[in-house]
Amino acid sequence: MTTFIQDHLSDLWILATASLVAISCALVGVFLILRRQSLMGDAISHSVLLGIVLAFMLSGTRDLPVLLGGAVLIGLVTAWLSDSLHKVGNLQKDAGIGIVFTLFFAIGVILISLYAGQIDLDQECVLYGEIAFVPFDTIIWGDMENGIDLGPRAFWSIAIVFALVLASIWIAFGRLQTVSFHPSLAASLGINVLFWHYFLMTLVSLTTVASFDAVGAILVVALLVIPAASAYLLAKSLKNMLWLAALYAEVAVLTGYALAVWLDSSISASIAVCAGLLLFLTVVGLQIHKLRLQKRAVKTLA
Amino acid sequence: MKNTPLSPAPVAVRNLNMRYHHKPVLTDVSFEIPAGKTVAIVGPNGAGKSTLLKGMMGLLPLMEGEVRFFGEPLAQKRLVTAYVPQREEVDWDFPIDVMDVVLMGRHGQLRLWQRPSREDIAIAEQALKDLHMWEFRDRQISQLSGGQQQRVFLARALAQQASLYLMDEPFAGVDVATEKAIIELFKQLKAQGKTIVCVHHDLNTVGEYFDWILFVNARLVAAGPVKEVLTQENLHKTYGGRLSLLNELTEAMYRSRLNQAHEHD
Amino acid sequence: MQDFTLLNQPDVWELWLSFWRFEDINALWVLMGSLLLGMGAAVIGSFAFLRKRSLIGDALAHAALPGVMTAFLLFHSRDPWIMFSGALASSFIGFFIIDWLPKHTKIKPDAALAITLSFFFALGLMLLSYIQGLEVENKSGLDKILFGQAAAMTQDDIRLLAYVTVFILLVVTLFFHKFRLIAFNRLYAQSLGINIAFYELVLALLIVMAVVVGLQLVGVVLMAAVLLTPMAAARLWSDNLKTILLIAGLLGALSALISTQISYLAPAMPTGPWMVVSLAILFVASLLFAPQKGLLQRAWQQRRLRHKVAEENLLRTLYKLCERGDFHTRSFSLAEIQALRAMPVSRLQIHLQRLAKNGLVSHCPQGWCLTDAGFEQASLLTRRHRLWESYLNERADLTPEQIHLQAERIEHILTDEQSRQIEAELSSTQTDPHGQPIPAATAKSGDAR
């Protein structure tokens, strides 16, 4: 058994990291779907690239607090700026979003190409992430020679964010439920809707930046939106939806990993594809169910 | 009708002005509502009835004016003021069951991390029973009929145990059973000395269901007890169209942003 | 690193000059192609914007990716027409999914867009990574469609691009009136018996085509901006759709020009991001400087309005002072004026001086004095104010306390025409609700503002 674990240690790290990424994204995504802000999720995940690049250029490190700080800042700026464009520039909401995130993402890509040598980032990893290399970038406790290997850096980043997401949802479940269900009702109860909006945007930024190493800036959108949408189709309650989204995410990780091994394709892309296929199956299942019900109804009428 | 200083009116609105983009929706609306009455806000489509309610609840920005609840600003009186939004504004696909919606009425009283207590649950259960929705408590809201959905919303407001209820078209598109249930609820609340303000569009029932009427059409046309204000003249004034000049000039004012020019003066 | 040093080389100007001497035919082709695309995408994107589907281009561009990859897998060739057909097919599938999901499931339109976008992108990337693991020829350069690379375009690519954009512009010109009608008022268009479904399909097809030919140049990820941003900027400049489309096209072309230049000088630079950045700069410039709708212009107008309001209020105050003295005098001290209109002396002075410049007041021994012209204007303003108060009182049943603030504002925009209308509706134009007399309209009381 121990030899099995040792042989497959890096696979296990990859799976563990991918699972945490996918589940964190799915949990946050539930609220994006319910609050009809999927596109804001799309926008923030793109913008976060600029946050990472800037944080990296200004501080010269890839320490987690710096990255998280940069990403949260740029995420909130994205949300705020798109909203301001909508109000001041009299633009439709999604147009404002589109202008802001494409600009931020473009600047991020340009900076990466300009300083290609200095930044430990390239276009490849923006697109795919580098989940296959995750096990090799580890945190070592103590000195380099005989310190203790604590495991991959990416794993611990997402583990911390996962804990944050879980704790937030656990503590503020009631508020989040009310705010998502009916914002003006929540406001009439004296809940600060704007605060919770930016709170959720912060969670989205944190999750996307912690997922960046593993899945890049764009595939994370699939993980945010697709498992949560599948869960939305089936769920009876919010709690139920959160569990279902996490389940969909985990199944997507396992099947996606298998698919990637089989085809020798990108792991992160394959996971996202599997999440999409699961949604497809769910939709097909529901349609068949609907047709059956209709047929039965016709029969009973006849 | 006069309120002594000891018991300020449940709602007092002064000089309320609201707009949508540049269009004036409400101009200079002022009124006071007496305690323990059922009050209907009546007017034609687009007269600003729902807007008035939302403005009072702070859900839409006021250009100007002041709203006081029991003599105090809304922030101090949120918990005793229950709002029932229009049914169409809700995402009925939202994954939530009836009981959880009703429990939302208790959330204002709870702190961030608190879960509803046994007492909260008991209150919510009672509210469901009052509206004859007890057997539906575990249903997902998408599986309810229009009338049942409305009753769930009313139960939520009831669970809030407020003293003032603001309802946006509670009678719109509901079945007979629900209509009866709502009337019953009104009676029950009135007996407890609570005040109810409803946006209402059915002139046939307004005299029967309500004690007081506010006639609104972009401005306040008349306000008072049903017997006094439900007159041909007021109906004519309310439904006879807006004052075009008032409308036109107020719009021109918002467009030129004169109101802002003044604030800095 | 390489591109960075390239930009610093002294002969970069030489390179640039040689471009404009048209020595490099291929570069010229690229320029032509990208100008056309910038225009075409901006024009067709404008209609998507008007249909309130600004981000549809984003989703369709992402949806093209798996089509390109599948076409390559099937034919092992990078022939532009094959790539184009593959991309067109998969974009169209994406389009139908975006349409179908919200209609047949609980999924909302915004989520449908995000789902389609991210799923197709993932599928495309998965296929791309699979292809890169295969032993096939021609596979290098496939990944260039992610961020766009003008320099990597072949003559065939550009020819295709030119055909398609010209086609798009032609169809838009041909159907302009129909598209405009549908964009502004669908229901009305339907009531006229226009086959909306057909035209929407044409519009969708054109958007898909623009997106697909733009991939080489701009890339999948940022195509959305090329469709959307020019329109967002252009509509700040005009209210006429034709003018807006023209400006949008120009802005699109301008950004294409800038980005291809950069890509020419530093071939490893991705074109798409530069195009997006230059578009964003043009957008911000429009937002600030556009006449009428620009923020600066709006702030300036607001300032002028504020001055006008303050001065007109001052005139009315002076009239009131005259009224108090039974019109025996028109000269008042600063203190008297201040007593009626609370305002810091410094600001009062500024406003009085401005009025003096217009010949409405003048210095006099006691302080300030209304000139004849000033008195006339002051009584006109007072008349408007009081007429409006009477109107609100009589017609809108407002109490005298409620109406003052309203009247304060309206008096500044009331025209002669409207004053006459008010008079006609009023029973008496002698006194206002406060019991003050309404000054009579003088013969010369033209709109003196």
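For clarity, every value in this text was computed on a predicted model and none was experimentally measured.

On to the nonpolar core. Grouped together as the largest cluster of nonpolar side chains are 284 residues, with contacts concentrated most on Phe105 of chain A together with Phe121 and Leu125 of chain C. When residues no more than four places from it in sequence are discounted, the contact partners of Phe105 of chain A are His46, Leu49, Val126, Ala217 and Ile218 of chain A together with Phe147, Val221 and Leu222 of chain C. The next biggest cluster of nonpolar side chains, apart from the first, holds 29 residues, and it includes Met57, Val67, Val199 and Leu220 of chain B.

Each side of the interface is counted separately: chain A has 59 residues, and chain C has 55 residues. The contact between chain A and chain C buries some 4800 Å² in all, and 75% of this surface belongs to carbon and sulfur atoms. Where chain A touches chain C, the interface holds zero salt bridges. Where chain A touches chain C, the interface holds eight residue pairs in polar contact (both at pLDDT 80 or more).

This next bit is on the packing of helix α5 (residues 80-104) of chain C against helix α6 (residues 109-133) of chain C. Residues and elements named next belong to chain C. Where α5 meets α6, the closest approach of the two axes is 8 Å, and the angle between their N-to-C directions is 150°. Classified by the interaxial angle, the pair formed by α5 and α6 is roughly antiparallel. The hand of the α5/α6 crossing is right-handed. Contacts between α5 and α6 pair Ser90, Ile93, Gly94, Ile97, Ile98, Leu101 and Pro102 from the former with Pro109, Ala112, Leu113, Thr116 and Phe120 from the latter.

Another aspect to go through is helix α11 (residues 219-234) of chain A. Between its first and last C-alpha, α11 of chain A extends 24 Å over 16 residues, near the 22 Å set by a 1.5 Å rise per residue. Of all the 16 residues making up α11 of chain A, 15 are buried; the element is thus mostly covered by neighbouring parts of the structure.

A word on the environment of Leu15 of chain A. Residues and elements named next belong to chain A. With respect to the helices and strands, Leu15 occurs in helix α2 (residues 9-34). Between the C-alpha atoms of Leu15 and Ile267, which are 252 residues apart in sequence, the distance is 10.0 Å. Those residues within four positions of Leu15 in sequence are excluded, and the remaining contacts are Val253, Leu254 and Tyr257.

Right, let's get into the sheet that holds strand β9 (residues 220-225) of chain B. All names here are of chain B. With mixed pairing, six strands are arranged side by side in an open sheet as β5-β6-β7-β3-β8-β9. The open sheet has two edge strands with one neighbour each: β5 (81-84) and β9. Each neighbouring strand pair of the sheet contributes to a mean axis angle of 15°, computed without reference to strand direction. Pairing of strand β3 (residues 38-42) with strand β8 (residues 212-216), which is carried by four bridges, proceeds in the parallel orientation. The residue bridging Val42 from the neighbouring strand is Phe215, located in β8.

Further remarks concern the environment of Ala172 of chain A. The topology assignment puts Ala172 of chain A in the loop between α7 (153-171) and α8 (173-181). For Ala172 of chain A, a relative accessible area of 3% corresponds to the buried category. Spatially, the C-alpha atoms of Ala172 of chain A and Leu54 of chain A are 32 Å apart, while their sequence positions differ by 118 residues. Non-local contacts of Ala172 of chain A, meaning those with residues more than four positions away in its chain, are made with Trp196 of chain A together with Leu112 of chain B.

Let's shift gears to the pairing of β5 of chain B. Residues and elements named next belong to chain B. Burial along β5 is two-sided: the residues Thr81 and Tyr83 and Ala82 and Val84 are all buried. Direction of pairing for β5 relative to strand β6 (residues 164-168): parallel, over a ladder of four bridges. Residue Tyr83 lies in a different strand from β6, and its bridge partner there is Leu166.

All names here are of chain B. Strand order across the open sheet formed by three strands is β2-β1-β4, with antiparallel pairing between neighbours. Each edge of the open sheet is held by one strand with a lone partner, namely β2 (23-33) and β4 (64-69). Each strand axis lies, on average, 20° off the axis of its neighbour in the sheet, ignoring direction. Both strand β1 (residues 11-20) and β2 contribute to a ladder of seven bridges, which runs antiparallel. Across the sheet, Met18 pairs through a bridge with Leu26, a residue of β2. Together, β1, β2 and β4 form the strand contacts of helix α1 (residues 49-56), whose direction differs from that of β2 by roughly 65°.

Quick look at unusual backbone geometry now. A positive phi is found at Arg36 of chain A, a non-glycine position, where the angle reads about 55°. On the secondary structure map, Arg36 of chain A appears in the loop between α2 and α3 (38-59). Looking at Arg36 of chain A, the relative accessible area reads 42%, which means it is partly exposed. The phi dihedral of Ala218 of chain B falls on the positive side, at around 65°, and the residue is not glycine. Tracing the backbone through its elements, the reader meets Ala218 of chain B in the loop between β8 and β9. By relative accessible area, Ala218 of chain B is classed as buried at 8%.

A few words now on a nonpolar patch on the surface. All names here are of chain C. A surface patch of nonpolar side chains, amounting to about 530 Å² of accessible area, comprises Trp13, Trp16, Leu17, Trp20 and Phe22. Topologically, Trp16 is positioned in helix α2 (residues 12-20). Its relative accessible area of 32% is what places Trp16 among the partly exposed residues.

A separate point is the interface of chain B and chain A. Listed as interface residues are 30 residues of chain B and, on the opposing side, 26 residues of chain A. For chain B, the biggest contributors to the area lost against chain A are Phe94, Pro95 and Leu112 of chain B; these three give 26% of the whole. For the pair chain B and chain A, the number of links is one salt bridge. Between Arg36 of chain A and Asp91 of chain B there is a salt bridge whose closest N-O contact spans 3.6 Å. Linking chain B to chain A there are six residue pairs in polar contact (both at pLDDT 80 or more). Of all the elements in the fold, those that place two or more residues in the side of chain B that touches chain A are β5, α3 (98-107) and α5 (146-159) of chain B. With four residues, α3 of chain B is the largest single contributor of residues to the side of chain B that touches chain A.

Domain parsing of chain C yields domain 1 (4-290) and domain 2 (299-425). The gap between the C-alpha centroids of domain 1 of chain C and domain 2 of chain C is 57 Å.

Applying the stated criterion across every chain, the model contains 26 aromatic pairs over all chains. Taking 5.6 Å as the distance between ring centres and 45° as the angle between the ring planes, the aromatic pair formed by Phe92 of chain C and Phe96 of chain C counts as tilted. Within this pair, Phe92 of chain C and its partner Phe96 of chain C are both found in helix α5, separated by four residues, close to a single helical turn. For Phe96 of chain C, a relative accessible area of 43% gives the class partly exposed. Taking the centre distance of 5.9 Å and the plane angle of 85° together, the rings of Phe175 of chain C and Phe179 of chain C count as edge-to-face. Placement of both Phe175 of chain C and Phe179 of chain C in helix α7 (residues 155-184) is noted, with a separation of four residues, approximately one turn of the helix. Among the aromatic residues, those joined into a cluster by ring pairs are Phe47, Phe175, Phe179, Phe198 and Tyr199 of chain C. The ring of Phe173 of chain A has Lys239 of chain A lying over it, and the distance from NZ or CZ to the ring centre is 5.7 Å. For Lys106 of chain C, the ring lying beneath its charged end belongs to Tyr232 of chain A, and the centroid distance is 5.2 Å.

This part is about the pairing of β6 of chain B. Residues and elements named next belong to chain B. With five of five residues buried, β6 is to be regarded as a mostly interior element. Neither face of β6 is exposed, since Leu164, Leu166 and Asp168 on one face and Tyr165 and Met167 on the opposite face are all buried. On the question of chirality, the crossover connecting β6 to the parallel strand β7 (residues 195-200) by way of helix α6 (residues 176-191) is right-handed.

About the criteria used
Residues numbered from 1 in each chain as written. Chains lettered and ligands numbered in written order. Predicted model: local features only at pLDDT ≥ 70, side-chain atom pairs only at ≥ 80, totals over all residues. Heavy atoms only, no water. Core = buried A, V, L, I, M, F, W, Y, C linked by side-chain atoms within 4.5 Å. Buried < 20%, exposed > 50% of the residue type's maximum accessible area, 1.4 Å probe, protein only. Contact = heavy atoms within 4.5 Å. Buried area = accessible area lost by both parts, 1.4 Å probe. Salt bridge = Lys/Arg side-chain N within 4 Å of Asp/Glu carboxyl O. Polar contact = N/O pair within 3.5 Å; in protein donor to acceptor, adjacent residues only side chain to side chain. Axes fitted to C-alpha atoms, helices over the stretch in contact; angles between N-to-C directions. Helix = DSSP H or I, 4+ residues; strand = E, 2+ residues; numbered from the N terminus. Parallel < 35°, antiparallel > 145°, perpendicular 65-115°, else oblique. Left-handed = near helix turned anticlockwise from the far one by under 90°. Expected span 1.5 Å × (residues − 1). Pairing = 2+ DSSP bridges. Patch = residues over 30% accessible without salt bridge, like charges linked within 9 Å, V, L, I, M, F, W, Y side chains within 5 Å. Areas by Shrake-Rupley, 256 points an atom, 1.4 Å probe, with all protein chains shown as cover. Domains from an automatic or database assignment. Phe/Tyr/Trp six-rings, centres within 6.5 Å; stacked < 30°, edge-to-face > 60°. Lys NZ or Arg CZ within 6 Å of the ring centre and 35° of its normal. Right-handed = clockwise from strand over helix to strand, strands pointing away.

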